[in-house]
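Summary of the model geometry
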Amino acid sequence: MTAPPTPSASSPALDNPITPHSLVEDLIALLSGTVLVVLGVAMFRQASMVAGGTTGIAFLIHYASHVNFGLALFLINLPFYWLAWRHMGREFTLKTFAAVALLSAEIELLPRVLSFSTLNPLFAAVAGGLLIGTGMLILFRHRASIGGIGVVAVLLQERKGWRAGKVQMTIDCCIVAAALFVVPLPQVLLSVLGALTLNLVLAMNHRPGRYVAR
């Protein structure tokens, strides 16, 4: 069996290794990514679960103090914009700010257009994790995130080569463990399943060198 041909210096893959996203593509990605995330978050909220990242921290604050969830999510992310601006650049920071603002607004508006009369908690953990992970993946591939831990995960992947999914999973496990203080144990265990599902999507699909569009 002959080995596959090695791309030559003049091959299209090497001549044009990065395909830029257009402004329209970025806008559609921000909208579609945040809609997927907010659907997953809605499932988690219905099942009294928590998520990872700054979304999970907002869940903890919401459950413990009944502070408005969307507002808590927006405010928690504010300190991370400085980190993003300094290390990831203006484009990433502005897109992330727009994504978080969209997400916060969608979280508050969603109950007006969608409610669950029946939602199995186990299904909510798996389907919610898949939705949030896929939404985050779309945002990552368009140089954006839902803020906070996502910024740290993307930064460490680009600077250190650490997989964003693994970084996210480690931090998420710590946040979910903290949920033991505010939600019952069954919901914490379901939250762990949701976090694992979410980060499995990222670990398999968001690797250095796998996707080069900007």
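A quick note: this is a predicted structure, and the numbers were derived from the prediction, not measured. (Residues numbered from 1 in each chain as written. Predicted model: local features only at pLDDT ≥ 70, side-chain atom pairs only at ≥ 80, totals over all residues. Heavy atoms only, no water.)

Across all of its chains, the model carries four aromatic pairs by this definition. Chaining the aromatic ring pairs together yields one cluster made of Phe59, Tyr63 and Phe69. (Phe/Tyr/Trp six-rings, centres within 6.5 Å; stacked < 30°, edge-to-face > 60°.)

A full pass over the atoms with the stated rule returns one cavity of 30 Å³ or more. Each pocket or cavity is described by its volume, and for the largest cavity that value is around 110 Å³. Along the wall of the largest cavity there are 16 residues; nearest its centre are Gly52, Thr55, Met136, Ile146 and Gln168. Looking at the lining of the largest cavity, the element that brings in the most residues is helix H3 (residues 53-65), giving three residues. Of the residues belonging to the lining of the largest cavity, the class tally is eight nonpolar, seven polar and one charged. (1 Å grid on protein atoms, 1.4 Å probe; cavity = no way out; pocket = protein on both sides within 12 Å on 5 of 7 lines; lining within 4 Å. Points joined across faces, edges and corners; volume = space filled by probe spheres on them. Helix = DSSP H or I, 4+ residues; strand = E, 2+ residues; numbered from the N terminus. Nonpolar A, V, L, I, M, F, W, Y, C, P; charged D, E, K, R; others polar.)

Once that is clear, we can look at helix H6 (residues 121-140). One turn of an α-helix holds 3.6 residues; hence residues three or four places apart share an orientation. Compared with the 28 Å implied by 1.5 Å per residue over 20 residues, the 28 Å span of H6 between its first and last C-alpha is a close match. Taking the backbone nitrogen of Leu122 as reference, a side-chain oxygen 2.9 Å away marks Asn120 as the first, capping residue of H6. (Expected span 1.5 Å × (residues − 1). Polar contact = N/O pair within 3.5 Å; in protein donor to acceptor, adjacent residues only side chain to side chain.)

Moving on, we get to the environment of Leu60. As for its position among the elements, Leu60 is in helix H3. On the accessibility criterion, Leu60 (16% relative accessible area) is buried. Spatially, the C-alpha atom of Leu60 lies 6.6 Å from that of Ala179, the residues being 119 residues apart in sequence. Residues contacting Leu60, with those up to four places away along its chain left out, are Val50, Ile175, Ala178, Ala179 and Val182. (Buried < 20%, exposed > 50% of the residue type's maximum accessible area, 1.4 Å probe, protein only. Contact = heavy atoms within 4.5 Å.)

Attention now goes to the layout of surface pockets. Each pocket or cavity is described by its volume, and for the second largest pocket that value is around 150 Å³. Element by element, the count of residues in the lining of the second largest pocket is highest for helix H2 (residues 23-46), at five residues.

All right, on to H2 then. In a regular helix each residue adds 1.5 Å, so 24 residues correspond to 34 Å; H2 covers 35 Å between its end C-alpha atoms and thus fits that length. Buried residues along H2 sit in contact with H3, helix H4 (69-87), helix H5 (90-109), H6 and helix H9 (185-205). Following H2 by one or two positions, Ser48 has its phi on the positive side, about 55°.

So, about a nonpolar patch on the surface. On the surface, Leu180, Phe181, Val182, Leu185 and Leu189 cluster together into a nonpolar patch covering about 550 Å² of accessible area. Turning to its location among the elements, Leu185 is positioned in helix H9. (Patch = residues over 30% accessible without salt bridge, like charges linked within 9 Å, V, L, I, M, F, W, Y side chains within 5 Å. Areas by Shrake-Rupley, 256 points an atom, 1.4 Å probe, with all protein chains shown as cover. Salt bridge = Lys/Arg side-chain N within 4 Å of Asp/Glu carboxyl O.)

Any two packed helices are characterised by how steeply their axes cross, that is the angle between the axes, and by the distance between the axes. At a minimum axis distance of 8 Å, the contact between H6 and H9 shows a crossing angle of 30°. In the crossing of H6 with H9, the sense of the turn from one axis to the other is right-handed. Listed contacts from H9 to Pro121, Leu122, Ala125, Val126, Gly129, Leu130, Ile132, Gly133, Thr134, Met136, Leu137 and Phe140 of H6 are Leu190, Leu193, Gly194, Thr197, Leu198, Val201, Leu202 and Asn205. Split by residue class, the contact of H6 with H9 holds 14 nonpolar, six polar and no charged. (Axes fitted to C-alpha atoms, helices over the stretch in contact; angles between N-to-C directions. Left-handed = near helix turned anticlockwise from the far one by under 90°.)

Nonpolar side chains tend to gather and get buried jointly when the protein is soluble and globular. Core analysis: the biggest nonpolar cluster contains 52 residues, and Val37, Val41, Phe59, Leu103, Ile107, Ile132 and Met136 have the highest contact counts within it. Put simply, the parts of the chain that give this core at least two residues each are H2, H3, H4, H5, H6, helix H7 (149-160), helix H8 (164-178) and H9. With eight residues, the top contributor of residues to this core is H6. Not counting residues up to four positions away in its chain, the partners in contact with Phe59 are Val41, Phe44, Arg45, Met49, Val50, Ala51 and Phe69. (Core = buried A, V, L, I, M, F, W, Y, C linked by side-chain atoms within 4.5 Å.)

Time to look at the environment of Ile171. Topologically, Ile171 is positioned in helix H8. Of the residues examined, Ile171 reaches a relative accessible area of 27% and is grouped as partly exposed. Linking Ile171 and Gly53, residues 118 residues apart in sequence, is a C-alpha distance of 7.1 Å.

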